[in-house]
Amino acid sequence: MLDLDTCQGYANCVMVAPEVFDIDEEKGTAILLQETPDDSQLAAVEEAVRQCPTEAISLEG
Ligand code: SF4
């Protein structure tokens, strides 16, 4: 999940997992494109969790 109150729009997540995250240009925060990333996207999402400077991303399940 994505905590938009914490997200500062650094876009690290978009760089490592562009299929899962995008940036909302108006709000300046990330958008979740894939609520439930499939297995092929999981490694990229885990990397995004590590790369996010504000720890706004968390994986569930
Ligand atoms: S890396 Fe974190 S702070 Fe940056 S846009 Fe993604 S969720 Fe937001």
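So, here is what we can say about the structure in this document. Because the structure is predicted, anything quoted here is derived from the model rather than measured.

**Here we look at the overall build of the protein chain**
For step 1, the next point in the chain: Helices and strands together make up the secondary structure of the protein chain, namely two helices and two strands.
For step 2, the next point in the chain: Principal axes of the C-alpha set define a box for the protein chain whose edges measure 30 × 20 × 15 Å.
For step 3, the next point in the chain: Here the protein chain, with 61 residues, has 26% of them falling under the buried criterion.
For step 4, the next point in the chain: At a minimum sequence separation of 6, the contacts of the protein chain that also span at least 24 residues come to 43%.
For step 5, the next point in the chain: Carbon and sulfur atoms form 46% of the exposed surface of the protein chain, whose accessible area is close to 4200 Å².

Rules behind the numbers
- Residues numbered from 1 in each chain as written.
- Predicted model: local features only at pLDDT ≥ 70, side-chain atom pairs only at ≥ 80, totals over all residues.
- Heavy atoms only, no water.
- Helix = DSSP H or I, 4+ residues; strand = E, 2+ residues; numbered from the N terminus.
- Buried < 20%, exposed > 50% of the residue type's maximum accessible area, 1.4 Å probe, protein only.
- Contact = heavy atoms within 4.5 Å.
- Areas by Shrake-Rupley, 256 points an atom, 1.4 Å probe, with all protein chains shown as cover.

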